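Chain and residue survey
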Amino acid sequence: MEEIVLEKSVFEEVPTEKIYSEKAIRVGTFLGGPIVAGYFIAENFKVFGDFDKVKRTWIITILATILIFGLIFMIPEDVKIPNVIFPVIYMGIAAYFTKKYQEINIAKHIENGGEEYNWWRTIGISLIGCIVTLGALFGIAFANEAANGRLTESTKTYGSMNHEIAYQSNINENEADKIAEAFEKTTFFDDAITKYVYLEKINNNYEISISCNESIKNDRAATQTFVYLRNDMQKFFPDNKIIFKLVVNELDNVVKRIE
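These lines cover the structure that appears in this document, whether it is placed above or below. For clarity, every value in this text was computed on a predicted model and none was experimentally measured.

Backbone geometry places N162, a non-glycine residue, at a positive phi of 55 degrees. Tracing the backbone shows N162 in the loop between strand 1 (153–158) and strand 2 (163–168). For N162, a relative accessible area of 45% translates into the label partly exposed. A positive phi angle is found at N203, which is not glycine, with a value near 60 degrees. Take N203: it is sitting in the loop between strand 3 (196–202) and strand 4 (205–211).

The structure is reproduced here in structure tokens:
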């Protein structure tokens, strides 16, 4: 028995390169996103000498990142999903692939005296990955907003109360005037209170954001009034669907969507 132990200690090479542990990959993925997961797993494959899997890891990482970003931007605005859902999902996927393809090699690496990267490096790379991921998301969102004309808009006022319509660049003034005329005919644009609306044209739909008080969240009677108003507005636009978005304080805070 002593001879076997001696033979192993003398002839078996101790790994000189460091790896990322399963726990580090899980935590790093949760903090930094799928790009960080791909980086950690690929770096481990390099240490294990499996360079073919390094290439495949990066291909899968890039495709998965594109898919995740696509899913995020396909979710309708009125569907509220907790922010933690996506990190938990891709953390679980990364943990599964690490366990399936690297668990044995990671255990062997540690058993042979190999070292793991410390938590400072893991967290640091995760934060860099988070910044890169958020930058990509903001870039896509910016391009999407620009494509929809939401970044460049015009504003026009109507009537003695100066009711205001802000509208995208893909909407011409004549269209805004027709929306205003319909609001006047339905008496929403009245002489009592100044109204503020934001007009978007998505596909062939007019999505109209209407600034409301916080109480609209729980006021069923007020909400029903907007339902009636939307139905009346729809009669003036047989070729375009009218959608109301009741917003509080800011455009992205949609508390009711009526269509």
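Right, let's talk about helix 8 (residues 220–234) for a bit. Think of an α-helix as turning once every 3.6 residues; residues three or four places apart then point the same way. For helix 8, which comprises 15 residues, the first-to-last C-alpha distance of 21 Å matches the rise-based estimate of 21 Å (1.5 Å per residue) to within 8%. What helix 8 keeps buried is the set T223, F226, L229, R230, M233 and Q234. Seen from one end, helix 8 has its buried residues packed into an arc of 135 degrees, which puts them on one side. Along helix 8, the residues that are exposed and aim more than 90 degrees away from the buried face are R220, A221 and Y228. Summarising the contacts, the buried residues of helix 8 are in contact with helix 7 (173–185), strand 4, strand 5 (241–247) and strand 6 (254–258).

This paragraph deals with the environment of N172. As for its placement among the helices and strands, N172 is situated in the loop between strand 2 and helix 7. Assessed through its relative accessible area of 41%, N172 is described here as partly exposed. Expressed as a C-alpha distance, the spacing of N172 and S154, which sit 18 residues apart in the sequence, is 9.2 Å. At 3.1 Å, the side chain of N172 forms a polar contact with the backbone nitrogen of N174.

Grouped together as the largest cluster of nonpolar side chains are 27 residues, with contacts concentrated most on F183, I208, F226, M233 and F244. For this core, the secondary structure elements donating two or more residues are strand 2, helix 7, strand 3, strand 4, helix 8 and strand 5. Of the residues forming this core, the biggest block, five residues, is contributed by helix 7. Dropping the residues within four chain positions of it, F244 is found in contact with F183, I208, I210, F226, L229, R230, M233, K256, R257 and I258. Counting residues in each nonpolar core, the second largest holds twelve residues, with V36, A37, I41 and V54 among its members.

Relative to each other, helix 3 (residues 34–48) and helix 5 (residues 85–111) sit at 15 degrees, their axes nearing to 11 Å. Judged on the interaxial angle alone, helix 5 and helix 3 are roughly parallel. Regarding helix 3 and helix 5, the two cross each other, and that crossing is left-handed. Across from P34, A37, I41, N44, F45, V47 and F48 in helix 3, the residues of helix 5 making contact are Y90, A94, T98, Y101, Q102, N105, I106 and H109. Split into classes, the residues belonging to the contact of helix 3 with helix 5 amount to ten nonpolar, five polar and no charged.

Inspection of every chain in the model, using the stated rule, returns 16 salt bridges. Notably, a salt bridge pairs K185 with E181, separated by 3.2 Å at the nearest N-O pair. Taken as a pair, K185 and E181 lie in helix 7 at a separation of four residues, close to a single helical turn. Residue E181 is classed as partly exposed on the basis of its relative accessible area, which comes to 40%. The residue K195 makes a salt bridge to D190 at a minimum N-O spacing of 3.1 Å.

Attention now goes to the pairing of strand 3. Alignment of strand 2 against strand 3, held across four bridges, turns out to be parallel. Residue A166 lies in a different strand from strand 3, and its bridge partner there is Y198. Once you follow strand 2 into helix 7 and on to strand 3, the crossover reads as left-handed. The pairing of strand 3 with strand 4 spans six bridges and is classified as antiparallel. Of the residues in strand 4, the one forming a bridge with Y198 is S209.

The geometry of a pair of packed helices is captured by two quantities: the angle between their axes and the separation between those axes. Two numbers describe how helix 2 (residues 22–32) lies on helix 3: the axes approach to 7 Å, and their chain directions differ by 150 degrees. As judged from the angle between their axes, helix 2 and helix 3 are roughly antiparallel. Contacts between helix 2 and helix 3 involve A24, I25, G28, T29 and G32 from the first element and P34, V36, A37, F40, I41 and N44 from the second. Looking at the contact of helix 2 with helix 3 residue by residue, the class counts come to seven nonpolar, four polar and no charged.

Quick notes on the rules
- Residues numbered from 1 in each chain as written.
- Predicted model: local features only at pLDDT ≥ 70, side-chain atom pairs only at ≥ 80, totals over all residues.
- Heavy atoms only, no water.
- Helix = DSSP H or I, 4+ residues; strand = E, 2+ residues; numbered from the N terminus.
- Buried < 20%, exposed > 50% of the residue type's maximum accessible area, 1.4 Å probe, protein only.
- Expected span 1.5 Å × (residues − 1).
- Arc of directions from axis to C-beta.
- Contact = heavy atoms within 4.5 Å.
- Polar contact = N/O pair within 3.5 Å; in protein donor to acceptor, adjacent residues only side chain to side chain.
- Core = buried A, V, L, I, M, F, W, Y, C linked by side-chain atoms within 4.5 Å.
- Axes fitted to C-alpha atoms, helices over the stretch in contact; angles between N-to-C directions.
- Parallel < 35°, antiparallel > 145°, perpendicular 65-115°, else oblique.
- Left-handed = near helix turned anticlockwise from the far one by under 90°.
- Nonpolar A, V, L, I, M, F, W, Y, C, P; charged D, E, K, R; others polar.
- Salt bridge = Lys/Arg side-chain N within 4 Å of Asp/Glu carboxyl O.
- Pairing = 2+ DSSP bridges.
- Right-handed = clockwise from strand over helix to strand, strands pointing away.

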